[in-house]
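# Close look at the chain arrangement
Residue-level listing of the chains:
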Amino acid sequence: MAVIADRCPDVQVTVVDLNAERVAAWNDTDLTRLPVYEPGLDLVVGRARGRNLHFSTAVEAAIAAADMVFLSVNTPTKQRGVGAGQASDLRWIEASARQVAAAATGHTIVVEKSTLPVRTAEAVKAILDAAQGDAGSGKTFSVLSNPEFLAEGTAIADLERPDRVLIGGEDGDAIEALASIYGQWVPPERILRTNLWSSELSKLTANAFLAQRISSINSIAALCEVTGADVREVARAIGSDSRIGSRFLQAGPGFGGSCFQKDILNLVYLCRHFGLEDVAAYWQQVVDLNIWQQRRLSRKVVQSLFGTVTGKRLAVLGFAFKADTNDTRESPAIRICRDLLEEGACLAIVDPKVESRQISEDLGCPPLAAESPGEGGWLPADDPVAAARGADAVLILTEWSAYRQLDWPGIAAVMRRPAWLFDARAVADAAAARAAGLRVWRVGEG
Ligand code: UGA
């Protein structure tokens, strides 16, 4: 919404949320304190806020005044009931649709921006149609699907120069109204128009294909390690084939983030619902392999450290699910750290953007008051050298650019010998770490 406001100064954009604290943070005059860390977002918000970008808790008034409403609420995986663990929980979409139905005036275009299971538009429409049918309400609605393809960390560039914008719907005028907004900065050939269901399914499919590439390359990484091949060489060799392409072939600790796993599980649920058991099993395997990769990493650490990490200090560098974000949702670091805590390790965790409070929440335990031998727990560290002090191993779990130029002699000097580097992202200068006396394991290196 900030980018739309930035690119379309003649469009008034009001972002509403029920959470007053969050809205206040979006209105904070100190742009470094916005609730989301995303490179370049502060500049965009700084340019548009107060001009044609507003943040408010006055939800109903904003809906009443709007020609177009974007539903951008979260749709997490259901935790209980039918479809628990797989289907999306649509309670917030339904609540928002009901709120729009009640507060809208005149004709309103309702745009599904949240990632939704296929045919959700039907439910949204049914709710809006009921309001439309109320005699004398004067309300009419059109529903569009406009899924978002930005990735965290590169969100602003992805929005400013998208590969494509997808608009699904049945009402040609509504589609053109939305297309004309994107048309202010996106070349016309990149604005794709489809029917509603194709649009909803394209979003899930795009994420499933991307995640599948990561599970595929991670499966080959394991094979490289035992055969003496190097997964980066294999990735380069296959990625040079223009039919395969070079992106999204980086082996790592497994994919994280709020979307990939959720969207695939959703796809699996959908396939089962329609009786496509074999298709469901095919996609389920992408998630299973991802979990296996994370487990494989924690087992590797334990095995290498003579079969036990109880009471040993391990330095964990990076907790976010990828670089350039403070987001930890489904971060592979969570499962890997939990496994190591279970084994009794003491983890010294450092991340340039993730706060201790978040790590506590994700690991389900507060930081230790003091390190005590033989006990599993974790401590926040200020920097990589502080994390490595007294540690038997350094684990790199997020590919922050700073980890490419670590001071290996300085780190090695404060570690206990024999000291290990487990580089799950293959970003560190392995030669420098080896020269400093460390034993080095890199994902996918035989
Ligand atoms: C992903 C998609 O890339 C976006 O197109 C989509 O809009 C978004 O989900 C969404 O549905 O909201 P995001 O989760 O922000 O974006 O980040 P990605 O760059 O896709 O990375 C996801 C995970 O895969 C990260 O943990 C990353 O480290 C990992 N990854 C990515 C790899 O392990 N190897 C790679 O080669 C690429």
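In case you missed it, the structure is sitting above this.
Source: prediction; values computed, not measured.

A few words now on the site of the ligand. Taken together, 19 residues lie near the ligand, and Leu 150, Glu 152, Lys 203, Asn 207 and Arg 425 sit nearest. Contact between the ligand and Leu 150: an oxygen atom at 2.7 Å from a main-chain N or O atom of the residue. Within the backbone of Leu 249, an N or O atom sits 3.4 Å from an oxygen atom of the ligand. Isolated, the ligand exposes 710 Å² of accessible area, and the fraction of that covered by the protein chains is 89%. Considered class by class, the residues forming the shell around the ligand number eleven nonpolar, three polar and five charged. Composition of the shell around the ligand by domain shows at least three residues from each of domain 1 (2-201) and domain 2 (291-442).

Before going further, it helps to examine the sheet that holds strand β12 (residues 420-423). Taken in spatial order, the six strands line up as β10-β9-β8-β11-β12-β13 in an open sheet, and their pairing is parallel. Both edges of this open sheet fall to β10 (377-380) and β13 (439-442), since each of them pairs with a single strand only. When strand polarity is set aside, the average angle formed by the axes of neighbouring strands in this sheet is 20 degrees. Pairing of strand β11 (residues 393-396) with β12 involves four bridges; the strand directions are parallel. The residue of β12 that forms the bridge with Val 394 is Leu 421. Here helix α13 (residues 332-342) sits on the sheet in contact with β8 (313-317), β9 (346-350), β10 and β11, set at roughly 155 degrees to β9.

In this section: the nonpolar core. Counting 65 residues, the largest nonpolar core has Leu 314, Leu 347, Val 394 and Trp 408 as the members making the most contacts within it. Ranked by the residues each element gives to this core, the list is headed by α13, at six residues. With sequence-adjacent residues up to four places away left out, Trp 408 is seen in contact with Val 394, Leu 421, Ala 428, Asp 429, Ala 432, Ala 433, Ala 436 and Leu 438. In terms of nonpolar packing, the next biggest core, distinct from the first, is built from 39 residues, Leu 116, Val 118, Ile 264 and Val 268 among them.

Taken together, Ile 220, Leu 223 and Val 226 make up a surface patch of nonpolar side chains, about 280 Å² in accessible area. Inspection of the secondary structure assignment puts Leu 223 in helix α9 (residues 196-227).

What follows concerns empty space enclosed by the protein. Here the structure, examined in full by the defined rule, presents one cavity of 30 Å³ or more. Surrounding the largest cavity, Glu 112, Ser 114, Thr 115, Leu 116, Ser 145, Pro 147, Glu 200 and Lys 203 form its lining. Taken together, the residues that form the lining of the largest cavity break down as two nonpolar, three polar and three charged.

Conventions used here
- Residues numbered from 1 in each chain as written.
- Predicted model: local features only at pLDDT ≥ 70, side-chain atom pairs only at ≥ 80, totals over all residues.
- Heavy atoms only, no water.
- Near = heavy atom within 4 Å.
- Polar contact = N/O pair within 3.5 Å; in protein donor to acceptor, adjacent residues only side chain to side chain.
- Areas by Shrake-Rupley, 256 points an atom, 1.4 Å probe, with all protein chains shown as cover.
- Nonpolar A, V, L, I, M, F, W, Y, C, P; charged D, E, K, R; others polar.
- Domains from an automatic or database assignment.
- Pairing = 2+ DSSP bridges.
- Helix = DSSP H or I, 4+ residues; strand = E, 2+ residues; numbered from the N terminus.
- Axes fitted to C-alpha atoms, helices over the stretch in contact; angles between N-to-C directions.
- Contact = heavy atoms within 4.5 Å.
- Core = buried A, V, L, I, M, F, W, Y, C linked by side-chain atoms within 4.5 Å.
- Buried < 20%, exposed > 50% of the residue type's maximum accessible area, 1.4 Å probe, protein only.
- Patch = residues over 30% accessible without salt bridge, like charges linked within 9 Å, V, L, I, M, F, W, Y side chains within 5 Å.
- Salt bridge = Lys/Arg side-chain N within 4 Å of Asp/Glu carboxyl O.
- 1 Å grid on protein atoms, 1.4 Å probe; cavity = no way out; pocket = protein on both sides within 12 Å on 5 of 7 lines; lining within 4 Å.
- Points joined across faces, edges and corners; volume = space filled by probe spheres on them.

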